[in-house]
Amino acid sequence: MANWFKDPLSKKPNKHHLSKLYFLSFITLLCSISYFFGLWHNSPTTVSISRNYAAAVTATECPHPNSTSPSSTHTTTNLDFSAHHYQPDPPPTAARDVHVPPCNASLSEYTPCEDVQRSLGFPRENLMYRERHCPAANELLRCRIPAPFGYRVPFRWPESRDSVWYANVPHKELTIEKKNQNWVRFEGERLRFPGGGTMFPRGASAYIDDIGELINLQDGSIRTALDTGCGVASWGAYLLSRDILAVSFAPRDTHEAQVQFALERGVPALIGVIASIRLPYPSRAFDMAHCSRCLIPWGQNDGIYLTEVDRVLRPGGYWILSGPPINWQSHWKGWERTRESLKDEQDGIEKVAKSLCWKKLVQKDDLAIWQKPTNHIHCKITRKVFKNRPFCEKQEPDTAWYTKMDTCLTPLPEVNDIRDVSGGKLSNWPERLTSIPPRISSGSLKGITAEMFKENTQLWKKRVAYYKAVDYQLAERGRYRNLLDMNSYLGGFAAALVDDPVWVMNMVPVEAEINTLGVIYERGLIGTYQNWCEAMSTYPRTYDFIHGDSVFSLYQNRCSMEDILLEMDRILRPQGSVILRDDVDVLLKVKRFADAMQWDTRIADHEKGPHQREKILLAVKQYWTAPSTDQSPQRKL
């Protein structure tokens, strides 16, 4: 056991311990030599240090890993960080370029939902075949509707009221058929509209003067009007100078291009017919409705057509009728009808009007005027006795998109006193534009308050001012006439343009969360309902300018964005403009397809600045037309 320990006091060295220390030192020396040899072997070639300091710094800078500059004197081993695996480019046939070709020239007046050939497959009873019948998804055209060869920018208002370019609406049928009634005349390159009509041979202005002698057209109590079977809409055209805004409608091709003429003149109009479905307007919309020889059988079918007029007339509104059978005692020979048939027709109309509780105000010469009651207190009392036309039950009066008409009487909102106006009394124009609409002040529109209405009005004043700052064509007074707002909400966009020489067709999508079209009419503006997954009831090249607020966000996952844009292209005039506001991601998709339609597009910042996700897309449709007939015809698509 004594050999296991060394005496700590002994000075004699331990040979075994020394040999172990020498071995460790030798190993350490070999490792150091190996390390320095490897470091020397992998170091860059020494660069001579110049006496010039700048040169020395340049010589010792680290070169770019991929540098091939001949001035470099380094012999380094460069690290390569570039990718060495690539997805091959798709072949040309698989490229995703969007191409939207032009349609055949024969489709220059194509109206998808009022196509004449398609309509022939529907019942002729009660003119149902003339109603909207839209193509199925697999029938939609994926091409751009051309303008006719020689198309020109329309005359500016008010010159356009009296003249349009013949090349824009190349139809002479009415110049022959209505030659003696002064509807329209062909004069060289122009079509002229003298303002005549079947029942107003002295002109529309004199005819309106005759109406003005019977009811007050000057105090602003009458602002919105409906013209059924409008012809070329001269009645509505001449009302505009009196601050009365009329919506005119007529079926497609009763007379060739009549609604198209109206729109080309700069007068509000839609393709439409009163048949089996409701007119696309809310209840209590119009201050006045008019029929001048419109050939609608008002007394037939249990008075269903006049009952629909009652629905859209506001309390206290007027219905004006001229033409058969009014004053039949003087005109029956010229109308080539018997006295008995004309008398029976007038008796039928009088009976229907009485069942609606209308009061006949006056019949003078060729004019007859009835007035709707301001409330239904008295009407409900008489129903208990006569029961000749029941009130509608469980029916939404403002719903009017493919909604079937009925012969029941649409009830007016309840009132407490027989002197009250159902739904609330409207202010006279122009105060009506900014007054709180009765539908809002009464609380009947859930979620919309008077304060929200005021804020919305101010908001759109600021937005339209910004639009004019970024779109010089909108700012140019008179550059545009026919405007369309695709998603109008409370009509703020149109209200902000009220002092410009324009009119705005305010569209309320049927998919909108709240039906606000009644508010728009209570402001003294006009509009209609629309599902933008379908075509609009209008001709190509109707509008000079189209505005849309969040339209494509609203229709995401409902229908194709491309189909909506193609419809916009169809109804927009060559060199017409578009302003869309929406989320930036949505607008980038819209821009890509709009570019494929050969629109000139750009995206601008929101009026509050670049940090808003909502942006504004501005676009102009390029001028292009169908080729001349002496050129090679376009390929049918």
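Everything that follows concerns the structure shown earlier in this document.
Attention here is on the structure that accompanies the text. Since this is a predicted model, take the numbers as computed values, not measurements. (Residues numbered from 1 in each chain as written. Predicted model: local features only at pLDDT ≥ 70, side-chain atom pairs only at ≥ 80, totals over all residues. Heavy atoms only, no water.)

A few words on the pattern of salt bridges. Here the structure, examined in full by the defined rule, presents 33 salt bridges. Arg-613 is the partner of Asp-585 in a salt bridge, and the nearest nitrogen-oxygen pair spans 2.9 Å. Of the two residues, Asp-585 sits in helix H20 (residues 584–596) while Arg-613 sits in the loop between strand E16 (599–604) and strand E17 (614–621), which places them 28 residues apart along the sequence. With relative accessibility at 47%, the residue Arg-613 sits in the partly exposed group. (Salt bridge = Lys/Arg side-chain N within 4 Å of Asp/Glu carboxyl O. Helix = DSSP H or I, 4+ residues; strand = E, 2+ residues; numbered from the N terminus. Buried < 20%, exposed > 50% of the residue type's maximum accessible area, 1.4 Å probe, protein only.)

So, about the layout of surface pockets. If you add up the space inside the largest pocket, you get close to 640 Å³. Every residue lining the largest pocket is counted, 39 residues in all, and those nearest its centre are Gly-229, Thr-254, Arg-293, Cys-294 and Leu-295. Within the residue set of the lining of the largest pocket, elements represented by two or more residues are strand E4 (224–228), helix H7 (234–239), strand E5 (245–250) and strand E7 (286–292). For the lining of the largest pocket, the residue count by class is 19 nonpolar, 16 polar and 4 charged. By volume, the second largest pocket is sized at about 470 Å³. Forming the boundary of the second largest pocket are 25 residues, of which Arg-223, Asp-243, Val-498, Asp-500 and Val-502 lie nearest the centre. Ranked by residue count, the leading element in the lining of the second largest pocket is strand E12 (residues 503–509), at 3 residues. Looking at side-chain class alone, the lining of the second largest pocket contains 17 nonpolar, 2 polar and 6 charged residues. (1 Å grid on protein atoms, 1.4 Å probe; cavity = no way out; pocket = protein on both sides within 12 Å on 5 of 7 lines; lining within 4 Å. Points joined across faces, edges and corners; volume = space filled by probe spheres on them. Nonpolar A, V, L, I, M, F, W, Y, C, P; charged D, E, K, R; others polar.)

Glancing now at empty space enclosed by the protein. Over the atoms, a rolled probe matching the size of one water molecule traces out where space is still vacant. The full count for this structure, using the stated rule, is 3 cavities of 30 Å³ or more. Of the voids in this model, the largest cavity is the one considered here, and its volume is about 310 Å³. Considering the residues around the largest cavity, the lining is formed by 22 residues, among which Arg-132, Ile-271, Gly-272, Pro-280 and Ser-537 are closest to the centre. At the level of elements, strand E6 (269–271) and strand E13 (526–530) are the ones that each hand at least two residues to the lining of the largest cavity. Per element, the largest residue contribution to the lining of the largest cavity is 3 residues, and it comes from E13. Looking at side-chain class alone, the lining of the largest cavity contains 13 nonpolar, 4 polar and 5 charged residues.

Before going further, it helps to spend a moment on helix H14 (residues 450–470). Taking 1.5 Å of rise per residue, 21 residues should cover 30 Å, and H14 covers 31 Å from first to last C-alpha, within 8% of that figure. Taken residue by residue, H14 has Phe-453, Asn-456, Thr-457, Trp-460, Arg-463, Val-464, Tyr-467 and Val-470 as its buried positions. Considered in projection along H14, the buried side chains sweep an arc of 150° and stay on one side of the axis. Residues of H14 that are exposed and point over 90 degrees away from its buried face: Lys-462 and Ala-469. (Expected span 1.5 Å × (residues − 1). Arc of directions from axis to C-beta.)

All right, on to unusual backbone geometry then. The amide bond that connects Trp-157 to the next residue, Pro-158, takes the cis arrangement and shows omega of 10°. Residue placement: Pro-158 occurs in the loop between helix H3 (116–119) and helix H4 (159–162). The omega torsion of the bond from Pro-324 to Pro-325 falls at 5°, within 30 degrees of zero and hence cis. Even without being a glycine, Asp-243 presents a positive backbone phi close to 60°. The residue Asp-243 is located in the loop between H7 and E5 in this model. Judged by its relative accessible area of 44%, Asp-243 is partly exposed.

With that out of the way, let us pick up the environment of Ala-237. Relative to the assigned elements, Ala-237 resides in helix H7. Considered as a pair, Ala-237 and Pro-268 are 31 residues apart in the sequence and their alpha carbons are 8.3 Å apart. Those residues in contact with Ala-237 that sit more than four places away from it in its chain are Trp-157, Arg-161, Arg-265 and Val-267. (Contact = heavy atoms within 4.5 Å.)

With that out of the way, let us pick up the nonpolar core. Ranked by internal contacts, the top residues of the largest apolar core, which has 127 residues, are Tyr-281, Met-288, Trp-298, Trp-319, Leu-484, Phe-552 and Met-568. Within the second largest apolar cluster, 10 residues are counted, among which are Val-169, Val-184, Leu-191 and Ala-257. (Core = buried A, V, L, I, M, F, W, Y, C linked by side-chain atoms within 4.5 Å.)

Next up on the list: the sheet that holds E4. Spatially, E6-E5-E4-E7-E8-E10-E9 is the arrangement adopted by the 7 strands of the open sheet, whose pairing is mixed. Looking at strand neighbours, the two that pair on one side only are E6 and strand E9 (359–364), the edges of this open sheet. Neighbour-to-neighbour, the strand axes of the sheet open up by a mean angle of 20°, direction not taken into account. Pairing of strand E8 (residues 313–322) with strand E10 (residues 367–371) involves 5 bridges; the strand directions are antiparallel. In the sheet register, Trp-319 faces E10, and the bridge partner there is Trp-370. In this fold helix H9 (residues 304–312) packs onto E4, E7 and E8, with an angle of close to 140° to the strand it touches most, E8. (Pairing = 2+ DSSP bridges. Axes fitted to C-alpha atoms, helices over the stretch in contact; angles between N-to-C directions.)

Right, let's get into the packing of aromatic side chains. Taken as a whole and judged by the stated rule, the model has 17 aromatic pairs. Pairing Tyr-281 with Tyr-521 gives two aromatic rings, centres 6.5 Å apart and planes at 75°, and the pair type is edge-to-face. On the criterion of sequence distance, the pair formed by Tyr-281 in the loop between E6 and E7 and Tyr-521 in helix H17 (residues 517–522) is long-range, its members being 240 residues apart. Per residue, the accessibility class of Tyr-281 equals that of Tyr-521, and both read buried. Judged by centre distance (5.8 Å) and plane angle (50°), the ring pair of Trp-319 and Trp-358 falls under tilted. (Phe/Tyr/Trp six-rings, centres within 6.5 Å; stacked < 30°, edge-to-face > 60°.)

Before going further, it helps to examine the environment of Lys-380. You can see Lys-380 is positioned in helix H12 (residues 377–385). Since its relative accessible area comes to 28%, Lys-380 is described here as partly exposed. Taking the C-alpha atoms as reference points, Lys-380 and Pro-411, separated by 31 residues in sequence, lie 9.2 Å from one another. Beyond its immediate chain neighbours, meaning those up to four positions away, Lys-380 contacts Phe-391 and Glu-414.

The next point concerns the sheet that holds E17. Pairing is mixed in the open sheet, where 7 strands are placed in the order E13-E12-E11-E14-E15-E17-E16. In this open sheet, the two edge strands, each paired with only one partner strand, are E13 and E16. Pairs of neighbouring strands in the sheet enclose a mean axial angle of 20°, with direction left out of account. Pairing between E12 and E13: 5 bridges, direction parallel. Counterpart to Met-505 in the pairing with E13 is Ile-526. The sheet strands contacting helix H19 (residues 561–571) are strand E11 (482–485), strand E14 (543–549), strand E15 (572–583), E16 and E17, and the helix crosses E15 at an angle near 145°.

Turning next to the state of the cysteines. Here the structure, examined in full by the defined rule, presents 6 disulfides. At a sulfur-sulfur separation of 2.0 Å, the disulfide partner of Cys-113 is Cys-134. One disulfide, between Cys-113 and Cys-134, carries an S-S torsion of 110° and so falls in the right-handed class. Remark: Cys-134 occurs in the loop between H3 and H4 and Cys-113 occurs in the loop between helix H2 (53–60) and H3; sequence separation between them is 21 residues. Classification of Cys-113 by relative accessible area gives buried; the value is 1%. Overall, Cys-134 belongs to the partly exposed group, its relative accessible area being 24%. Each disulfide pairs two cysteine sulfurs, and for Cys-533 the partner residue is Cys-559, the sulfurs being separated by 2.2 Å. Because the sign of the S-S torsion sets the handedness, a value of about -85° for the bond joining Cys-533 and Cys-559 places this disulfide among the left-handed ones. Placement of the pair is Cys-533 in the loop between E13 and E14 and Cys-559 in the loop between helix H18 (551–554) and H19, with a sequence separation of 26 residues. Relative accessible area serves as the criterion here: at 31%, Cys-533 is assigned to the partly exposed category. Exposure remark for Cys-559: the relative accessible area of 26% places this residue in the partly exposed category. (Disulfide = S-S within 2.5 Å.)

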